[in-house]
Amino acid sequence: MASLSVPFSDCVIRGSLLPRRRLSPCPAGVASLPAFLQGRLVLFMFDYVLLHVSALKSHGTKFSHNVSNNHIFASVADVSLEQSLDDVHLPKGEMWSVHKFGGTCMGTSRRIQSVADIVTNDSSERKLVVVSAMSKVTDMMYNLVDKAQSRDDTYMSALDDVYEKHMLTAKDLLDGDELVQFLSQLHHDISNLKAMLRAIYIAGHATESFSDFVVGHGELWSAQMLSSVIKKSGKDCTWMDTRDVLIVNPTGSNQVDPDYIESEKRLEKWFEQNSAGTIIATGFIASTPQNIPTTLKRDGSDFSAAIMGALLRAHQVTIWTDVDGVYSADPRKVSEAVILNSLSYQEAWEMSYFGANVLHPRTIIPVMRYNIPIIIRNVFNLAAPGTMICQRAVNDNAEGHNLESFVRAFATIDNVALVNVEGTGMAGVPGTASAIFSAVKDVGANVIMISQASSEHSVCFAVPDNEVKAVADALKSRFSQALAAGRLSQVEVIPNCSILAAVGQKMASTPGVSATLFDALAKANINVRAIAQGCTEYNITVVLKGEDRIRALRAVHSRFYLSKTTIAVGIIGPGLIGGTLLDNFGIRCNARFLWFILFTGVLKEEFNIDLRVMGIAGSRKMVLSNTLDKMEELQNEKAEEANLEKFSQHVHGNQFIPNTVFIDCTADTGIANHYYDWLRKGIHVITPNKKANSGPLDRYLKLRALQRRSYTHYFYEATVGAGLPIISTLRGLLETGDKILQIEGIFSGTLSYIFNNFAGERSFSAVVAEAKQSGFTEPDPRDDLSGTDVARKVIILARESGLKLELSDIPVENLVPEELRSSASAEEFMIQLPDFDEELSKKRIEAEAAGEVLRYVGVVEVSNARGRVELRRYKKSHPFAQLSGSDNIIAFTTMRYKDQPLIVRGPGAGAQVTAGGIFSDLLRLASYLGAPS
């Protein structure tokens, strides 16, 4: 055996400087130099030690430490690699399981003990465990370097904090010789770090290799502590400094490329001398081919685990973290996000690129080669199975839907800006794109997404917000001549954007996925600024306003059945109809609250709908809340002065709910005048209020035009027949190509009740009084008897049929005697009404003598382009003569139903049926927004 003695005042053993006495700030003979040169020289000497001792190690030099004279004696053994492998061969394959525990898992002594328990309970024949530094330690180590090179004297106290953190943790976990050995090693390392940081302090600069060397100590200490804890339990365990094994080639993009061949050779050699059933390996750190310490950069511990898994051909790599698995979306933005049972490698790759908290894209590359699955599990919830990332993901059915979702998950990147380079001179000019992105590369900016139209008129791309100014300046400088000549028209910056990506391997070659995605965004009133999709079709990427990112994410997430279709509901007018609707929500009446829970449970489970009442506004007061369930309590505690603008901002401004609907239960013209602005803002409207559709024709046409050209919905079924499907029946006839000839009906439940009971010897005034007492009329019966309400319904149906009529075009037979129309009060009217019974009694007697009945009807004569409201006589065999109670009846005479009109009949008045009609519109809205119908 050849022997080499190499004395150094300082040396590297396992990558750590281990002097036996404290280093002086400067080596002897250097003190006379200027301070900055002292520091430079000290750093040079350290680099010399690192480089040359590492070179000796790579040639088989074995180091031993002589305590007496502070020298290192190295022996070079003449033993070939082949000979050593004949003695001990590294086993590979299914026997190995690889685990990785991050800083959060290793954050405290209790957590380290839990990690040790997980490792010892793993029944695998052999285990390799990759660990990160304790929580926050990597940041603390980087901070030490930053403080030292900026000549901040507090770096010494910061280093003391690092020492104390690990010393206290070790005392909690270890005892006896294990504790003494670790604390001795810790003390030596801290002493050397002080010397190195002092040199950095003097020089005012740290080389990358020195910075990496300092920062890597956190992983060394974690690995040693965990190894000692496991050995304490009687298990065969050792620890690995992965700088002895993992060899990487640094690239120019702040990344490294593993050298798998050399790393595999070194792993074989390391195992020759360190065979054990359980190996605790340092994450994050590695060495260059020249044996200079380096790191795998941020998120490097995951990468370390994947590389080791590939080198060992392990049966799986488990990444332990603090979440139950990979979510279908960021749960901080989408509370309904679900844990995915599995993902394919490609899906995980796409998601990690687009900012999902899954894995770094590099982590997946090593394991893909050997089809090794990665399991993401929660160290704090061992009962959760986690998410498996493998060659092809099995179908998830986490929410119990039968429909297979081709989109597995969604991810976002926030704080980006779009750069648009535009000009007619770009079309067909080779090298333009190359020049654009060459300029971007020169400023070191990261291009996240690129989109270009086939016309080549413009190129747009996304970069981080904090890099866009440098990019824009570089492009304007590079293309200054083209801009001045007009070949390029502009370099435009669109700040405050976000990127939304839909990811799914089964999206490939599946028609309709993109259409569904963009339909969901459109219905949430979200504008898309740019689009990109690769030919693999594994993801669809869109750029949108930053303020829309959460609403967009929730909209698309629910549209693909990954969560409920959530709708924020604002109710205006908690009167008779609004109050009944609130009963249906379980809000107004506590006695019905249990029913509401059952009902909403059915909506969520069967229809995938989550309705959230966010506000209720009356004429004077309003209540705003994120969870309205007991209205009576909130009215007492949180009622405030009604303000429609504030009401709108609260209900519609919640970014966590993508869809908003206002339900107007009033009969107020002022409220109806807000519909246009609400629809334009993306707020859906449902109403029984007839004022908007029967008001001025130009306003009605403007409202309908906006509805047709937008994805915002306006439903008003209850304006004509309360809960009866009058509007929808009419639309169905028209949409299927039928031609409407006439619509005739009894549209007033009040007048239906009155004339159904106006028979025999009963007087008209007596029937009206009975109807008022039973609650069938308005507080002032003249509002019903005037026929104005019927006229509004007639004009609504006329306009739906394509007639452009004003309300004033409809002649109305007013049943209120002219002399009583100016009565001071409803009570006075009712007192005087009997004096005018004779005229209507006479008409009734004449009708009865002819075998007919009186009915108050509205008529739309589409063929003659007119409508009217009047009292008519019908044979007793006519459907209109066979009504009872307050039922409504409407007859549609069409080309298809010419001989036998289409009849719709049923209760057409009352708070319950009207509220039911509103609720039906609400469910229809949910269906349009993506809930299964």
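Residues numbered from 1 in each chain as written. Predicted model: local features only at pLDDT ≥ 70, side-chain atom pairs only at ≥ 80, totals over all residues. Heavy atoms only, no water.

Per the secondary structure count, the chain includes 34 helices and 35 strands. Each of the 933 residues in the chain was classed as buried or not, and the buried ones make up 54%. The contacts in the chain between residues at least 6 apart in sequence include a share of 72% that link residues at least 24 apart. A total of about 40100 Å² of accessible surface is found on the chain, and carbon and sulfur atoms cover 50% of it. (Helix = DSSP H or I, 4+ residues; strand = E, 2+ residues; numbered from the N terminus. Buried < 20%, exposed > 50% of the residue type's maximum accessible area, 1.4 Å probe, protein only. Contact = heavy atoms within 4.5 Å. Areas by Shrake-Rupley, 256 points an atom, 1.4 Å probe, with all protein chains shown as cover.)

With that out of the way, let us pick up the sheet that holds strand β30 (residues 714-715). The sheet built from seven strands is open, its strands ordered β27-β26-β25-β24-β28-β29-β30 with mixed pairing. One side of each edge strand has no neighbouring strand; the edge strands of this open sheet are β27 (640-641) and β30. Here strand β29 (residues 684-686) runs beside β30; their pairing, made up of two bridges, is parallel. By the bridge assignment for β30, V685 is matched with Y714. (Pairing = 2+ DSSP bridges.)

This part covers the packing of aromatic side chains. Enumeration over the complete set of coordinates arrives at 15 aromatic pairs. Taking 6.4 Å as the distance between ring centres and 75° as the angle between the ring planes, the aromatic pair formed by W96 and F271 counts as edge-to-face. Within this pair, whereas W96 is found in strand β6 (residues 96-101), its partner F271 is found in helix α9 (residues 260-273), the two being separated by 175 residues in sequence. Judged by centre distance (5.6 Å) and plane angle (75°), the ring pair of F758 and F764 falls under edge-to-face. The same class applies to F758 and to F764, which are both buried. (Phe/Tyr/Trp six-rings, centres within 6.5 Å; stacked < 30°, edge-to-face > 60°.)

Moving on: the pairing of strand β21 (residues 490-503). Across 11 bridges, the pairing between strand β18 (residues 409-422) and β21 is antiparallel. Its bridge partner being in β21, A409 is matched across the sheet by V503. Of the pairings in the sheet, the one linking β21 to strand β23 (residues 539-545) comprises seven bridges and is antiparallel in character. What sits directly across from L500, in β23, is V542.

Turning to the pattern of salt bridges, a few remarks are in order. This model, assessed by the stated rule, comprises 38 salt bridges. Across the pair K92 and E268 runs a salt bridge whose closest N-O atoms are separated by 3.7 Å. Of this pair, K92 sits in the loop between α2 (81-87) and β6 while E268 sits in helix α9, placing them 176 residues apart in sequence. K92 sits in the partly exposed class, given a relative accessible area of 27%. Here the salt bridges share partners, and the residues they tie into one network are E744, E861, R866, R868, E870 and R872. (Salt bridge = Lys/Arg side-chain N within 4 Å of Asp/Glu carboxyl O.)

It is worth spelling out the state of the cysteines at this point. Summed over the entire model, instances satisfying the criterion amount to zero disulfides. C460 provides the cysteine sulfur closest to C497, a residue in no disulfide bond, and the two sulfurs are 9.7 Å apart. (Disulfide = S-S within 2.5 Å.)

Position of L805 relative to the elements: it lies in the loop between α31 (788-800) and α32 (826-832). Among the residues examined, L805 registers a relative accessible area of 11% and is labelled buried. In sequence terms L805 and R866 are 61 residues apart; their C-alpha atoms lie 7.8 Å from each other. Setting aside residues up to four positions removed in sequence, L805 forms contacts with L697, I795, A798, R799, I810, A865, R866 and G867.

Now for empty space enclosed by the protein. Summed over the entire model, instances satisfying the criterion amount to two cavities of 30 Å³ or more. By volume, the second largest cavity is sized at about 30 Å³. As for the second largest cavity, its lining consists of A520, K523, A555, S558, N659 and L929. Mapped by element, the contributors of at least two residues to the lining of the second largest cavity are α16 (513-523) and α17 (549-559). Class assignment of the residues belonging to the lining of the second largest cavity gives a composition of three nonpolar, two polar and one charged. (1 Å grid on protein atoms, 1.4 Å probe; cavity = no way out; pocket = protein on both sides within 12 Å on 5 of 7 lines; lining within 4 Å. Points joined across faces, edges and corners; volume = space filled by probe spheres on them. Nonpolar A, V, L, I, M, F, W, Y, C, P; charged D, E, K, R; others polar.)

Let's shift gears to helix α7 (residues 208-215). An α-helix turns once every 3.6 residues. As a result, residues three or four positions apart point the same way. Burial analysis of α7 places seven of its eight residues in the buried class, the great majority of the element. Listed as buried for α7 are S209, F210, S211, D212, F213, V214 and V215.

Helices that pack against each other are described as a pair by the angle of their axes relative to one another and the distance between those axes. Relative orientation of the contacting elements α16 and α17 amounts to 130°, with a least axis distance of 9 Å. By the angle between their axes, α16 is oblique relative to α17. For the pair α16 and α17, the sense of crossing is right-handed. Across from T516, L517, D519, A520 and L521 in α16, the residues of α17 making contact are A552, A555, V556 and R559. By residue class, the composition of the contact of α16 with α17 is six nonpolar, one polar and two charged. (Axes fitted to C-alpha atoms, helices over the stretch in contact; angles between N-to-C directions. Parallel < 35°, antiparallel > 145°, perpendicular 65-115°, else oblique. Left-handed = near helix turned anticlockwise from the far one by under 90°.)

Grouped together as the largest cluster of nonpolar side chains are 69 residues, with contacts concentrated most on Y675, I743, I754, F755, L785 and L797. Per-domain counts for this core show at least three residues from each of domain 3 (565-713 + 921-929) and domain 4 (726-909). Not counting residues within four places of it along the chain, the set of residues in contact with L785 comprises L751, I754, F764, V768, N814, L815, V816 and F829. Formed by 54 residues, the second largest nonpolar core is a distinct cluster that contains L179, M196, I285 and V379. (Core = buried A, V, L, I, M, F, W, Y, C linked by side-chain atoms within 4.5 Å. Domains from an automatic or database assignment.)

As a further point, take α9. With 14 residues, α9 should cover 20 Å at 1.5 Å per step; its first-to-last C-alpha distance of 20 Å lies within 8% of that length. Along α9, the positions that sit buried rather than exposed are Y260, S263, R266, L267, E268, W270 and F271. Between the side-chain oxygen of the N-cap and the backbone nitrogen of I261 there are 3.4 Å, and the N-cap of α9 in question is D259. (Expected span 1.5 Å × (residues − 1). Polar contact = N/O pair within 3.5 Å; in protein donor to acceptor, adjacent residues only side chain to side chain.)

The strands making up a sheet are joined through hydrogen bonds of the backbone, oriented either antiparallel or parallel. If you walk across this open sheet you meet the five strands as β33-β32-β31-β34-β35, and the pairing is antiparallel. Because the sheet does not close on itself, it has two edges, and the strands there are β33 (866-875) and β35 (902-907). Neighbouring strand axes in the sheet, compared pairwise and without regard to direction, differ in orientation by 20° on average. Bridging between strand β34 (residues 887-894) and β35 involves six bridges; their strand directions are antiparallel. Each bridged residue has a counterpart across the sheet, and for I889 the counterpart in β35 is R905.

This part takes up the pairing of β33. Summarising the sheet, strand β32 (residues 852-861) and β33 pair through 10 bridges and their orientation is antiparallel. Of the residues in β33, the one forming a bridge with L854 is R873. Here β32 hands over to β33 after four residues, with A865 in that stretch at a positive phi of 55°.

Glancing now at the confidence of the model for the chain. On average, residues of the chain score 83 in pLDDT, and 82% of them are at 70 or above. Segment residues 1-38: pLDDT under 50, and 97 contacts once partners within four positions in sequence are set aside and those in other chains are kept. Note that pLDDT drops below 50 for residues 630-634; the model gives that stretch 12 contacts with residues more than four away or on any other chain. (pLDDT = per-residue confidence, 0-100.)

Relative to the assigned elements, S109 resides in helix α3 (residues 109-121). Residues contacting S109, with those up to four places away along its chain left out, are T169, D172 and L173.

The next point concerns the packing of helix α5 (residues 155-173) against helix α6 (residues 176-203). Axis separation between α5 and α6 bottoms out at 11 Å; the angle between their running directions is 170°. Between α5 and α6, the angle is such that the two are roughly antiparallel. The residues of α6 that touch α5, namely those facing Y155, M156, L159, D160, Y163, H166, M167, A170 and K171, are L179, F182, L183, L186, H187, I190, L193, K194, L197, R198 and Y201. The residue makeup of the contact of α5 with α6, split by class, is 14 nonpolar, two polar and four charged.

Mapped onto the fold, S801 is located in the loop between α31 and α32. For S801, a relative accessible area of 14% corresponds to the buried category. At 2.8 Å, the side chain of S801 forms a polar contact with the backbone oxygen of L797. When near neighbours in sequence (up to four residues on either side) are disregarded, S801 contacts L730, L734, I740, I743 and V862.

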